Amino acid sequence: MTYTIETIARSLGAQAFGDLSLEIDAVAEPQDAGTRDLALAMKPAFAERLPEGQALAAVLWEGADFEALGLKAAIVPARPRYALSGLSKQFDHGESFPKGVHPSAFVDPAAELGVDVTVGPLAVVSAGARIGAGSVVGPQSFIGACATLGEGCFLREGVRIGARTTLGARVIVQPGAVIGGDGFSFVTPEQSAVERTRASLGDQGEGESQHWERINSLGAVHIGDDCEIGANACIDRGTVRDTKIGARTKLDNLVHIGHNVVIGTDCLICGQVGMAGSSTIGNNCVFAGQVGLNDNIFVGDNVIAGGATKIFTNVPKGRVLLGYPAVKMETHVESYKAIRRLPRLFKQVAELQKAVFKNAEND
Amino acid sequence: MTYTIETIARSLGAQAFGDLSLEIDAVAEPQDAGTRDLALAMKPAFAERLPEGQALAAVLWEGADFEALGLKAAIVPARPRYALSGLSKQFDHGESFPKGVHPSAFVDPAAELGVDVTVGPLAVVSAGARIGAGSVVGPQSFIGACATLGEGCFLREGVRIGARTTLGARVIVQPGAVIGGDGFSFVTPEQSAVERTRASLGDQGEGESQHWERINSLGAVHIGDDCEIGANACIDRGTVRDTKIGARTKLDNLVHIGHNVVIGTDCLICGQVGMAGSSTIGNNCVFAGQVGLNDNIFVGDNVIAGGATKIFTNVPKGRVLLGYPAVKMETHVESYKAIRRLPRLFKQVAELQKAVFKNAEND
Amino acid sequence: MTYTIETIARSLGAQAFGDLSLEIDAVAEPQDAGTRDLALAMKPAFAERLPEGQALAAVLWEGADFEALGLKAAIVPARPRYALSGLSKQFDHGESFPKGVHPSAFVDPAAELGVDVTVGPLAVVSAGARIGAGSVVGPQSFIGACATLGEGCFLREGVRIGARTTLGARVIVQPGAVIGGDGFSFVTPEQSAVERTRASLGDQGEGESQHWERINSLGAVHIGDDCEIGANACIDRGTVRDTKIGARTKLDNLVHIGHNVVIGTDCLICGQVGMAGSSTIGNNCVFAGQVGLNDNIFVGDNVIAGGATKIFTNVPKGRVLLGYPAVKMETHVESYKAIRRLPRLFKQVAELQKAVFKNAEND
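All of these numbers come straight from a predicted model, not from anything done at the bench. (Residues numbered from 1 in each chain as written. Chains lettered and ligands numbered in written order. Predicted model: local features only at pLDDT ≥ 70, side-chain atom pairs only at ≥ 80, totals over all residues. Heavy atoms only, no water.)

**Q** What should I look at first to understand the interface of chain C and chain B in this one?
**A** A common way to express how large an interface is: the accessible area buried when the components associate. Across the boundary between the two partners, chain C contributes 76 residues, which contact 84 residues of chain B. Both faces combined, the contact of chain C with chain B buries some 6,200 Å², and carbon together with sulfur accounts for 61% of it. Put simply, Glu195 of chain B and Arg79 of chain C hold a salt bridge, and the shortest N to O gap is 3.0 Å. On inspection of chain C and its partner chain B, the count reaches 34 residue pairs in polar contact (both at pLDDT 80 or more). (Contact = heavy atoms within 4.5 Å. Buried area = accessible area lost by both parts, 1.4 Å probe. Salt bridge = Lys/Arg side-chain N within 4 Å of Asp/Glu carboxyl O. Polar contact = N/O pair within 3.5 Å; in protein donor to acceptor, adjacent residues only side chain to side chain.)

**Q** It is not clear to me how the interface of chain C and chain A should be interpreted in this structure. Could you clarify?
**A** Listed as interface residues are 83 residues of chain C and, on the opposing side, 75 residues of chain A. When residues of chain C are sorted by the area they lose upon contact with chain A, Phe184, Trp212 and Tyr324 of chain C head the list and together hold 11% of the total. Between the two partners, chain C and chain A, sit six salt bridges. Here Glu213 of chain C makes a salt bridge to Lys89 of chain A, at a shortest N to O gap of 2.6 Å. Scanning the region where chain C abuts chain A turns up 34 residue pairs in polar contact (both at pLDDT 80 or more). For the side of chain C that touches chain A, the elements supplying multiple residues, two or more each, are β17 (160–161), β20 (178–181), β21 (186–187), α4 (193–200), β22 (213–214), β25 (234–236) and α5 (329–357) of chain C. In terms of residues, the side of chain C that touches chain A owes the most to one element, α5 of chain C, which gives 14 residues. Class assignment for the residues of the side of chain C that touches chain A results in 38 nonpolar, 30 polar and 15 charged. (Helix = DSSP H or I, 4+ residues; strand = E, 2+ residues; numbered from the N terminus. Nonpolar A, V, L, I, M, F, W, Y, C, P; charged D, E, K, R; others polar.)

**Q** How should the domain arrangement of chain A be read in this particular structure?
**A** Residues and elements named next belong to chain A. Domain annotation of chain A identifies domain 1 (3–91), domain 2 (105–182 + 219–260) and domain 3 (183–216). The C-alpha centroid of domain 3 is placed 33 Å from the C-alpha centroid of domain 2. Facing the six residues of domain 2 at the interface are six residues of domain 3. Together, the buried faces of domain 2 and domain 3 total about 400 Å²; carbon and sulfur atoms form 45% of this surface. By the criterion of area lost to domain 3, the three top residues of domain 2 are Asp182, Thr239 and His259, representing 90% of everything that side buries. Viewed at the interface, domain 3 and domain 2 are joined by one salt bridge. Two residues, Arg214 and Asp182, come together in a salt bridge whose shortest N-O distance is 3.1 Å. Where domain 2 packs against domain 3, one counts one residue pair in polar contact (both at pLDDT 80 or more). (Domains from an automatic or database assignment.)

**Q** What is the right way to look at the relation of the copies chain C and chain A in this model?
**A** Put simply, the second copy of the chain is the first one after a rotation about an axis and a shift along it. Superposition of chain C onto chain A requires a rotation of 120 degrees combined with a translation of 0.0 Å along the rotation axis, giving an RMSD of 0.1 Å. Here the transformation between the copies is reduced to the relation of a three-fold axis. Mapped onto chain A, only 17% of the interface residues of chain C are again interface residues, and the two copies thus contact each other with different surfaces. (Least-squares fit on C-alpha atoms with pLDDT ≥ 70 in both.)

**Q** For this particular structure, what's the right way to read the environment of Pro44 of chain A?
**A** All names here are of chain A. Here Pro44 lies in helix α2 (residues 44–47). Since its relative accessible area comes to 47%, Pro44 is described here as partly exposed. C-alpha separation for the pair Pro44 and Trp61, spaced 17 residues apart in sequence, amounts to 7.9 Å. (Buried < 20%, exposed > 50% of the residue type's maximum accessible area, 1.4 Å probe, protein only.)

**Q** What is the right way to read empty space enclosed by the protein from this model?
**A** Vacant regions in the atomic arrangement are exposed by a probe of water-molecule size rolled over the atoms. One pass over the full model with this rule turns up eight cavities of 30 Å³ or more. Quantified by volume, the largest cavity comes out at close to 670 Å³. Taken together, 28 residues form the lining of the largest cavity, with Ile339 of chain A, Tyr324 and Ile339 of chain B together with Tyr324 and Ile339 of chain C sitting closest to its centre. When residues of the lining of the largest cavity are traced back to their parent elements, those giving at least two are α5 (329–357) of chain A, α5 (329–357) of chain B together with α5 of chain C. For the second largest cavity, the calculated volume is near 160 Å³. (1 Å grid on protein atoms, 1.4 Å probe; cavity = no way out; pocket = protein on both sides within 12 Å on 5 of 7 lines; lining within 4 Å. Points joined across faces, edges and corners; volume = space filled by probe spheres on them.)

**Q** It is not clear to me how the packing of α5 of chain A against α5 of chain C should be interpreted in this structure. Could you clarify?
**A** The contact between α5 of chain A and α5 of chain C brings their axes to 9 Å, and the two run at 35 degrees. Seen from above, α5 of chain A lies across α5 of chain C with left-handed handedness. (Axes fitted to C-alpha atoms, helices over the stretch in contact; angles between N-to-C directions. Left-handed = near helix turned anticlockwise from the far one by under 90°.)

**Q** Looking at this structure, how should I read the side chain of Gln290 of chain C?
**A** With respect to the helices and strands, Gln290 of chain C occurs in the loop between β33 (286–287) and β34 (292–293). At a separation of 2.8 Å, a polar atom in the side chain of Gln290 of chain C contacts the side chain of Lys310 of chain B.

**Q** What exactly am I supposed to notice about α5 of chain B here?
**A** Residues lying three or four places apart along an α-helix face the same way, a consequence of the helix completing one turn every 3.6 residues. All names here are of chain B. A rise of 1.5 Å per residue sets the reference length of α5, with its 29 residues, at 42 Å; its end C-alpha atoms lie 40 Å apart and thus fit the reference within 8%. Along α5, the sharpest change in direction is near 45 degrees and occurs at Leu342; proline Pro343 comes one to four residues later. Immediately beyond the C-terminal end of α5, within one or two residues, lies Lys358, with a positive phi of roughly 60 degrees. (Expected span 1.5 Å × (residues − 1). Bend = angle between axes of the 7 residues up to and from the residue.)

Following this line, the structure appears as structure tokens:
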């Protein structure tokens, strides 16, 4: 995995300076870089640590003087953070899973594998499953009956794809993710305490024993092209139709997506976000870590929710949210400041009472 | 999987109208239904989309006119949502795991399997384990030493059942769930900063280094009959006695149950709920998604907690909770409204100050 | 697993009284104890239940009169909770995994196993992996390419160790944990709505579609000596350098650690805590369940955060936190009390307005 400065710069569409024939084996932070590493010093603050390492070449910001920094060569991309995307792909060593169908895997004879499919050690591919060309089913992963993977999917170790689940092309799934668990859907023969509480906003009526009858999940899960699903994340099957994740949407670790949820395209759903059943999320939404969503609500396109925002009701397009319960981010900041000012307010009101009512009896 | 309208209606105990001999292969939402699908149009709003599909028969609400809706037959149950439970079982295609003990599974000779037990591909059943009649151990699942499964359990793919864990009859476990991890229990040789903080409500005293010594989990986990455990959920072993989940209680995905917790019967514990160690929960409780419970507290029967409620102290029977920290739902709504009114209150107090103290110096 | 009272007391460094030759097979809670169990009655409240069981010996508190409690022998440790650590290790039956390399496991010929290594049924050890002496790779666990385990590690069933991950000595990993998933790191070609929102604190500017380009994770994960990682917890790889967990730090179930995070030594990170990428945590920190941390922040040594605290900004050394957003625990308690007093305050201000402005027009 050796490239010249020239090759790297060209592949990034970046400017290059100095000795373009210098060979690079890896990228590194400035303080850790060896003589064959490309140091990532995209800001002056990072570049300050170059002397701690031995880098001869670095990625620098527009206008940086590589020679003054003691370097022999430099790459200067237009948007350094974006360049990191290209660089990280060039220098990734990957998982090194053994190629082809491993003899220890169990592939049902009634499964269909496209060309160049890899099935890792001790993986299972069930009857009726179809795996698109070039896809990788990682070690100890499971593909359920009649599940479908598009071309170029990459499933890491221990992934669980339930029966009848569909993954588009180039979907990446991190270890331990479960796509196609059964929905959490139960019903009581009579109206339940929860239904009464929702109707009355707080009064559950008479609280007797209640028996929960299971509603099985007949739908499956559909994941669009170019999605990514995080480690140990869970996406449940729909009740009648499929739960759906739109193309290019990315889910982080330990995310929970309930049955019937529909998420649009190009969303970022960060770690430990949870969505209850039957909610609909627009395109281009970004939910920070630990955000929670109620069931059966609608969230418009381009909504951004800060860390641990708890969304109980519909959200119009473009809103930026924070808090429990979720409010506009600026409203949350205001409320928070107001709460911090309360001790002073209590004092002011006490003074007013004293001044107005003269005697202390009134308090 | 073909039934007539008559058969379906009879099995649901529902009324049927029109051509009772019409054959049905599946259920579908109205807009997606084909000619051999039973459309689920339990409300007028759903029925409006019937013309988008091709349904000849539907499940309708009491009093609906199926002929006016252009249908040849209809099923009208007393409580449509409850009928969905029966319907979803009739039309479920299931997981299609291969029957019997798969040759790729490892079953220790010292394990006991009841009649009609299925052990999926690449599953492990350890020495001393006992699997009840008719139970299914899904592909790549693990049954630890001396664990016991009752009759008719259904474990999906990649389930982990730790040593000495007991599951009752008909327990359903979703993919990746871990029942019987070790409790998270550590102790310092001297009183720890956390113990000092709890005693003083906020002052941890001198913060030095502290060494955590592990307390091993000698207890196991006991799951009652007819429970369901969600995907990637975790239930830890007890320290001395078992952690216990009461009969018919259902846990959703990514739920965390700490060591020594005792949960009653017929509870619904939704996605990503977390319970710290040694708490006791009554019967018929419903905790919405992302609810959190402190350790060593008692929650009475029939308690309902809204989304992301954080419960720090004991809760009496029948209470409906919301908020962080948890308060009665109506109190939370009141506090929330009060906070929203604060900007106006600040203005009012400023006006009062001006009026009462005349000059601005006083502020 | 039989010990005399004398042996047990000596190994705990505790005092012993009565018949020191009495044999003990197990520990039990007082009400459940049989004649060969050591009852755990460290407090008078626990001892009250001794008559419900049949214990002849118990662990008691300093000053307890064992004969008056009807016992033949007693062990009295200086700090009973700490003694539980030693006792629980003595009486632990463990997982009973089959010893040695199981024939059903797949161990790549290019992996190196130290002496006395156990590899469980259907586990995978990849090329270039090195497993330290005495370590246990549990059933169905996965060790990625070039990963390294120190001596005496214990991995339970279904653990996933990604390629190039490093575990120190004596690390314990609970079932289903994923160490070395890819970081959740994406970048847009142009400045994204999230970047604009952060810069403006709430205004995301024009909300158009945005395409997320993946940044691959070139770093790995480094876990220090004597750490423990909980069931289904997830620790992501770093982008360029390793994500790091300091020695002796313990993570509970379903914890999420983002890319590039650095955690110090001797921390306790409880169930469902989530840390976004690139944050740095000091030594001896304790985070209760469901705590959340923003990305790119610094938390000093000896910080304690109560349940579900959401930390958005840097935290100085020694602070005790609670709330969303996190504040000092005492400030949170104050704010909470103030909010509960608001209805009274509204009334007081209304009375003042009436008194000061006389007529109702002013409101």
